[in-house]
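# Fold and contact review
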Amino acid sequence: MTNNKKKLILGIGSIVLVLVLAGAGVFAWYMNLTSNLIDPQTLQVTTSQFLEVRQAAAPGEEENDFGHSLELSFEDLVLVDITGDGTTLVRPRLLQNADEVTGLTYAAPDTSTVSEWTDPEPNKDYIDVTLEFRSNKHLDVYLGSGSAVTPHCGVENAMNPGEDDNPSNYGSFSRDLMAGAVRVAFVTADEQQTSMVWEPNRQYKLYYYAGNEEGEGRGWFFDMNSNDFELTHYYYYVAGSGHKVQSSLEAQNIPVVYDSSLEMNTAAVSCPTGEGANAHIVTLEYNPETGFYEGSAVLRIWIEGCDRETRRAIAGGAVDVALYLYGYELAGN
């Protein structure tokens, strides 16, 4: 009888894949792109003892070597407003609407049938990298605790920014709090299905206070620990008829994970349980030709253009991204 239980490989056997978006990448979010080009960025990938990684080679190019670290550069990267489920991503045409209360303008998707929505360019408008893995153990790989998307200026400075902390001119907070709109997805190697989407900071909330009867205290404020967050992750896609359709990851049965559910993945249990099981990325399978267990996944990182935080108050922010992947050994096979 096959034993399908899994065990978390701990200690020196832990599978930890670290991806760091290095530097202060300025995300041109509903902004003039000509003034928001960013300096070359580097995606650093590091693995521990039992897991090797490489970037998949482009067609016609020589295969890269497996190793425990690699660096990927994105010289043309300008992360902009995008919406989608990870497998399908589109850049919406935006309308500048005036808020009836504040009189300020904000961007909203133009959902008319005749509006032209475009396909975003990989590694220019969003990050798109195929990672190939191999190991001498039969592993399931999960996104785990320790992953974080944080304001580049630092969490403490984000709510009381100095001149060097990218302050917003809408209120006493940093534009780097756009970390609330970052989405991270892992897609199957054939790009036909989204394995999981991570929304790292759903507790972030930008809101407007109209003040008292005299209008005192009026202004924009940011709450980094709000309990008033959406339970459903909405996005748009373009139907064959040209209609712009709103859907949700939950309605499409796409696994969604948040910070709280990632904690479940690091417990010394037989297998991930509850929401933590949604963080599954790929299962490595044995390849008799190489003698290794192998697998691959497409990593995509974008700014969700239909997120409630997509306002000009935090456009042009910068974030740091760290992803940690944990391996669970499939025992008894």
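Everything quoted here is computed from the prediction, not taken from an experiment. (Residues numbered from 1 in each chain as written. Predicted model: local features only at pLDDT ≥ 70, side-chain atom pairs only at ≥ 80, totals over all residues. Heavy atoms only, no water.)

### What about the overall build of the protein chain?
Of the regular secondary structure elements, the protein chain holds two helices and 23 strands. Of all intrachain contacts in the protein chain linking residues separated by at least 6 positions in sequence, the fraction that spans at least 24 positions is 70%. Within the structure as shown, the protein chain displays about 15,800 Å² of accessible surface, and the carbon and sulfur contribution to it stands at 45%. (Helix = DSSP H or I, 4+ residues; strand = E, 2+ residues; numbered from the N terminus. Contact = heavy atoms within 4.5 Å. Areas by Shrake-Rupley, 256 points an atom, 1.4 Å probe, with all protein chains shown as cover.)

### Regarding the pattern of salt bridges
Scanning all chains against the criterion turns up eight salt bridges. Residue R54 pairs with E63 through a salt bridge whose shortest N-O separation is 3.4 Å. Of the charged contacts in the structure, one is a salt bridge between R300 and E191, with a shortest N-O distance of 2.8 Å. Taken together, the residues R300 in strand β22 (residues 292–304) and E191 in the loop between β13 (182–187) and β14 (194–198) connect sequence positions 109 residues apart. Judged by its relative accessible area of 4%, R300 falls in the buried class. (Salt bridge = Lys/Arg side-chain N within 4 Å of Asp/Glu carboxyl O. Buried < 20%, exposed > 50% of the residue type's maximum accessible area, 1.4 Å probe, protein only.)

### Notes on the nonpolar core
L143 and F186 are the most contacted members of the largest nonpolar core, which has 60 residues in total. Excluding anything up to four places from it in sequence, F186 contacts T194, S195, M196, I281, A297, V298, L299, L323 and L325. (Core = buried A, V, L, I, M, F, W, Y, C linked by side-chain atoms within 4.5 Å.)

### Examining unusual backbone geometry
The backbone of N166 sits at a positive phi, close to 60 degrees, despite the residue not being glycine. Along the chain, the position of N166 falls in the loop between α1 (155–158) and β13. N166 sits in the partly exposed class, given a relative accessible area of 26%. One non-glycine residue, N253, adopts positive backbone phi at about 60 degrees.

### Overview of the packing of aromatic side chains
In the structure shown here, the tally under the stated rule is five aromatic pairs. Seen in terms of ring centroids, F173 and F222 are 5.9 Å apart; in terms of plane orientation they differ by 50 degrees. Their pairing is tilted. Within this pair, whereas F173 is found in the loop between α1 and β13, its partner F222 is found in strand β16 (residues 219–223), the two being separated by 49 residues in sequence. As far as burial versus exposure is concerned, F173 and F222 are alike and both buried. (Phe/Tyr/Trp six-rings, centres within 6.5 Å; stacked < 30°, edge-to-face > 60°.)

### Points about a nonpolar patch on the surface
A cluster of nonpolar residues, Y207, Y209 and F221, forms a patch on the protein surface that exposes about 280 Å² of accessible area. When you line up the elements, Y207 lands in strand β15 (residues 205–209). (Patch = residues over 30% accessible without salt bridge, like charges linked within 9 Å, V, L, I, M, F, W, Y side chains within 5 Å.)

### Quick look at the confidence of the model for the protein chain
Looking at the protein chain as a whole, its pLDDT mean stands at 76, while 73% of the residues score no less than 70. The weakest mean pLDDT in the protein chain belongs to strand β1 (residues 6–8) at 45; the strongest belongs to strand β21 (residues 285–287) at 96. Note on residues 1–15: pLDDT under 50 across the span, and 46 contacts to partners over four residues away in sequence or across chains. Low pLDDT, under 50, characterises residues 21–40; the stretch is placed with 68 contacts to residues that sit more than four places away or in other chains. (pLDDT = per-residue confidence, 0-100.)

### Re the pairing of strand β23 (residues 319–330)
Burial analysis of β23 places ten of its twelve residues in the buried class, which makes it a mostly covered element. Alignment of strand β11 (residues 139–143) against β23, held across five bridges, turns out to be antiparallel. Residue pairing for β23: V141 is matched across the bridge by G327. Relative to β23, strand β12 (residues 148–151) is paired through four bridges, and the arrangement is antiparallel. The residue of β23 that forms the bridge with T150 is D320. (Pairing = 2+ DSSP bridges.)

### Examining the environment of V256
Following the sequence through the fold, V256 ends up in strand β19 (residues 256–257). The exposure class assigned to V256 is buried, which follows from its relative accessible area of 8%. When the C-alpha atoms of V256 and N278 are compared, they prove to be 6.3 Å apart, with 22 residues separating the residues in sequence. If we skip the residues at most four places from it in the chain, V256 touches V197, L249, E250 and N278.

### Considerations on the environment of E71
Tracing the sequence through the fold places E71 in strand β5 (residues 69–74). Measuring from C-alpha to C-alpha, the distance between E71 and V45 comes to 6.2 Å, with 26 residues separating the pair along the chain.

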